[in-house]
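Structural overview for review
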Amino acid sequence: MLIDSHAHIDDQKFNEDREAVLENARAAGVELIINPGADEASSFRAVAMSEKYPMVYATVGIHPHDAKDYDAHKHDALLREWASKEKVVAIGEIGLDYHYDYSPRDVQQEVFIRQLIIAKAVALPIVIHNRESMEDMVRILKEYFASEYGGIMHSYSGSVDWTAHLGHWQANILVEGFYTDLRHVFVLEDIGKNDVGDVIKERRNGNGARVYGANLDAKIAHGKEVQLQLGFTAQRSRYTREE
């Protein structure tokens with residue numbers, strides 16, 4: 001099963017062709033799409049998308065950029081209410097972003113911790129936004145992360161060496177190297193096999209564009225054991241529109 005774990009299809013840029021975007025994704029082999037919320041408004045939209053479209057699921061949370069606007073009484077209650085929805089599958093995206101510092105760092109940490117506690121209470125995984133904040137991120141996760149529910153680290157900016165500091169934390173790390181605009185129709189075509197017999201597929205869109213890329217994935221297990229699936233991230237897009 002092919003799942004897109006992070007697609008903001010609630011974004012207004014898709015208002016004119018959202019159904020076509022979803023159909024294009026389905027035609028390309030994507031069976032499920034997880035639409036993450038990043039603030040109050042987008043979390044409401046993510047839930048609405050999940051209720052409208054069978055292939056769409058939602059996550060809900062307050063992004064570190066918007067931590068300064070977190071109202072503990074209001075948003076704690078909203079997170080618990082959203083979490084009770086059938087197709088809400090995680091709390092996120094939440095975390096720390098020290099690159100832009102749109103919210104004070106102490107406020108980011110406080111809001112991150114509140115949402116981690118709620119995620120544990122409602123027994124949901126988490127979707128973490130982590131940028132240039134590894135030391136505080138690891139410290140907070142060691143104390144508050146519920147490893148039994150798991151999670152995904154999005155926008156990961158640390159090195160593989162940092163995984164040794166995570167102790168018994170269990171999570172899947174996806175380092176996304178590029179963004180694919182699904183508004184272009186595309187299909188997957190078999191173009192051959194590699195030396196071990198795996199089928200190689202090429203993605204083409206309707207106007208002839210070709211996109212090449214790879215992701216870096218890592219799974220952290222108990223203790224100091226680290227299972228890595230490594231790849232080099234690269235992208236090349238060429239658009240040759242038909243006349």
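Right, let's walk through the structure included here. Note that the structure is a prediction, hence the values are computed from the model and not measured.

Brief notes about the overall build of the protein chain
Along the backbone of the protein chain there are five helices and 13 strands. The proportion of buried residues among the 243 residues of the protein chain is 40%. Counting contacts in the protein chain only where the partners sit at least 6 residues apart, residues at least 24 apart contribute 67% of the total.

Observations concerning the environment of Lys120
Within the fold, Lys120 resides in helix 4 (residues 105-121). Excluding anything up to four places from it in sequence, Lys120 contacts Ala146, Glu148 and Tyr149.

What about the nonpolar core?
With 33 residues, the main nonpolar core has Ile91, Phe112, Ile126 and Leu141 as its most contacted residues. When contributions to this core are tallied by element, the ones reaching two or more residues are helix 2 (40-52), strand 3 (56-60), helix 3 (72-83), strand 4 (88-97), helix 4, strand 5 (126-131) and helix 5 (134-144). If one sorts the elements of this core by residue count, helix 4 sits on top with six residues. Listed in part, the ten residues of the second largest apolar core include Ala7, Ile9, Ile33 and Val56.

Calculation notes
Residues numbered from 1 in each chain as written. Predicted model: local features only at pLDDT ≥ 70, side-chain atom pairs only at ≥ 80, totals over all residues. Heavy atoms only, no water. Helix = DSSP H or I, 4+ residues; strand = E, 2+ residues; numbered from the N terminus. Buried < 20%, exposed > 50% of the residue type's maximum accessible area, 1.4 Å probe, protein only. Contact = heavy atoms within 4.5 Å. Core = buried A, V, L, I, M, F, W, Y, C linked by side-chain atoms within 4.5 Å.

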